Amino acid sequence: MRFAARLLSATLLVLLLGLVVLLWTADRLLRRDLERDMAVTLERQAVLIREAVPSEPAQAQQQLHQMAAQAGLRITLIAPDGTVVAESDYATYPLPPLQNHADRPEVREALQGRTGVARRQSETVGRALLYVAIPGGPGVVRVASDLSQVNALVRRAQLAVATAALVALLIGTLASLITARSIARPLTALGAAARAIAAGDRPRFPRSGIPDIDALVQTLRDMHHQLADRFDALRHGQAESAALVEAMVEGVLAADGKGRILTANSAARRLLGYRPEEALPDLQELFRVKGARDVVSQVTQGVVVEGRELELDGRMLLVSARPLNSGGAVLVLHDVTDVRRLEAVRRDFVANVSHELKTPLTSIAGYAETLVSDRPDEVTSGRFLEIILGNARRMQHLVDDLLDLSRIESGRWQPRKEPVDIAEVAREAWAPLAERAAQRHMELSVDVDNDASVVPADPEGLRQVLTNLFDNALRYAPAGGTVAVHTARQEGGLAVMVSDSGPGIPHEHLSRVFERFYRVDTSRSREEGGTGLGLAIVRHLVEAHGGTVRAESEVGEGTTITCWFPPT
């Protein structure tokens, strides 16, 4: 609907609403005033009737009938108990049985010594009457008058008011039409100027002679100049940004809320296997690898993805994705194939060295066992041979840990998840260490919540995690201490927490305790026989499940290692 039509419609609506309100108000006020004047007149007549009516019922009935006929009223005499003593509608006495009037509102008021006034449809005569009752006579004198005269006066007044209102409505409509056209014409021209600005054309601004519209025209003219300057700056900035994105080594993709690719630099096209002139599909169809599709699904749901490593066409990509406030997402692809290849070489080197060390270590262990069995010098030889055998086994343990760590890091080990009873696995992991724990008077406490008793994990992997954590706790906790396992639901997954009553770890070391060979107290760790790989293996096993691990500790208050496993 055009502005002029809207303005005219609104004006007509206001005028019609005013007309309805005026008629309703006139009806209410005029009717109220007329009925109030009639009530005053009826009250005066009731006083006169009360003084003139005889006390004998038959005479009162005859006189009331004559008085009512002369005055055009209905007169009723009512006893204190509500019984009708005399009624002007009947010419003879006695009266026929009439309904008790004690419940009439005006009668109740009169019986209490006040003047009662009521307006209602009479059940006896079938017309709307105005009743006025005063105390006196046999109990109450009630006078009623027909409201037809009031209704007639109100209708005549309403007709006069409606006629005047219709004339005003016609005049107001004509004035509104003229005003609407005078205002709509420059506004229409102003809209055309705004559309020209949006289309990039030269606008033509109107002159209306109306100060408010002229101020709006000036504002639009200033906005046009500011937009032109800002568009120039924006185009310059977009050109610079495009050049920077194109020069980046990392692949950059930007998509809108519907998944359409808005930006893709050369690096992104190269990594994804698309030629420069080739059209890219929507973001949801861009990747053929499930892991990359999962990243797209998460970022389109508003989840920030940081550093997700994926294999795509034989190359390792580090993918980061962030949702945009306006909808859509930005993906950054970093090729880490060479970095991962170097890491693999390093891991293979460690594995090869470990394998090379394993053979001489086995010989040393066998030779030491032979010397122990021959016992050439029972005291001296036995003591040294036990030391040789102990160190050989310790180095054997180191080699085994290195092999386990290399296997997990290289991805050759993948967890086979199944529902695992945490309490059962914890006791199985503790069993090989029970003798060692008994020697130090240490006990295991398992406190598993009913709703957090089963975790989706690889049974052997979880057992190895708990074994390493128990071994670490037994190594550092003082004699007579405790090792506790408890669980809880966290962030939709399940957290397994292992706590000890050991000396604790200073805060500056907490961020590094999961690094390989990192020791908080080097001398004590070597004295206790640790390899420095237990917590590193724990971290890699938990992360292989898609979970996280963290350490919490206070010096002198023990340490808690929390392993969080995601839901299936």
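Residues numbered from 1 in each chain as written. Predicted model: local features only at pLDDT ≥ 70, side-chain atom pairs only at ≥ 80, totals over all residues. Heavy atoms only, no water.

A. Examining the pairing of strand S4 (residues 128–136) more closely. Burial analysis of S4 places seven of its nine residues in the buried class, which makes it a mostly covered element. Bridging between strand S3 (residues 116–121) and S4 involves six bridges; their strand directions are antiparallel. Of the residues in S4, the one forming a bridge with Arg119 is Leu130. Both S4 and strand S5 (residues 139–146) contribute to a ladder of eight bridges, which runs antiparallel. The residue bridging Leu129 from the neighbouring strand is Asp146, located in S5. Linking S4 back to S5 in an antiparallel pair, the connection comprises two residues, with Gly137 at a positive phi of about 65°. (Buried < 20%, exposed > 50% of the residue type's maximum accessible area, 1.4 Å probe, protein only. Helix = DSSP H or I, 4+ residues; strand = E, 2+ residues; numbered from the N terminus. Pairing = 2+ DSSP bridges.)

B. View of the sheet that holds S3. On the basis of which strands lie adjacent, the open sheet formed by five strands has the order S2-S1-S5-S4-S3 and antiparallel pairing. At either end of the open sheet lies a strand with only one pairing partner, and these are strand S2 (84–87) and S3. Across the sheet, the mean angle separating the axes of adjacent strands is 20° when strand polarity is ignored. Sheet strands in contact with helix H2 (residues 57–71) are strand S1 (74–78) and S2, and its direction is about 160° off that of S1. (Axes fitted to C-alpha atoms, helices over the stretch in contact; angles between N-to-C directions. Contact = heavy atoms within 4.5 Å.)

C. Summary view of the nonpolar core. Grouped together as the largest cluster of nonpolar side chains are 45 residues, with contacts concentrated most on Val455, Leu466, Leu469, Phe470, Cys563 and Phe565. Sorting elements by how many residues they give to this core places helix H12 (residues 459–476) first, with seven residues. In this structure, Phe565 is in contact with Val455, Ala457, Leu462, Gly493, Leu494, Val496, Val542 and His545, ignoring residues within four places of it in sequence. (Core = buried A, V, L, I, M, F, W, Y, C linked by side-chain atoms within 4.5 Å.)

D. Layout of empty space enclosed by the protein. If you walk through the whole model with that rule in mind, you get three cavities of 30 Å³ or more. Within this model, the largest cavity holds a volume of roughly 40 Å³. Every residue lining the largest cavity is listed: Leu272, Leu286, Phe287, Arg288, Leu312 and Asp313. Within the lining of the largest cavity, the residues separate by chemical class into four nonpolar, no polar and two charged. (1 Å grid on protein atoms, 1.4 Å probe; cavity = no way out; pocket = protein on both sides within 12 Å on 5 of 7 lines; lining within 4 Å. Points joined across faces, edges and corners; volume = space filled by probe spheres on them. Nonpolar A, V, L, I, M, F, W, Y, C, P; charged D, E, K, R; others polar.)

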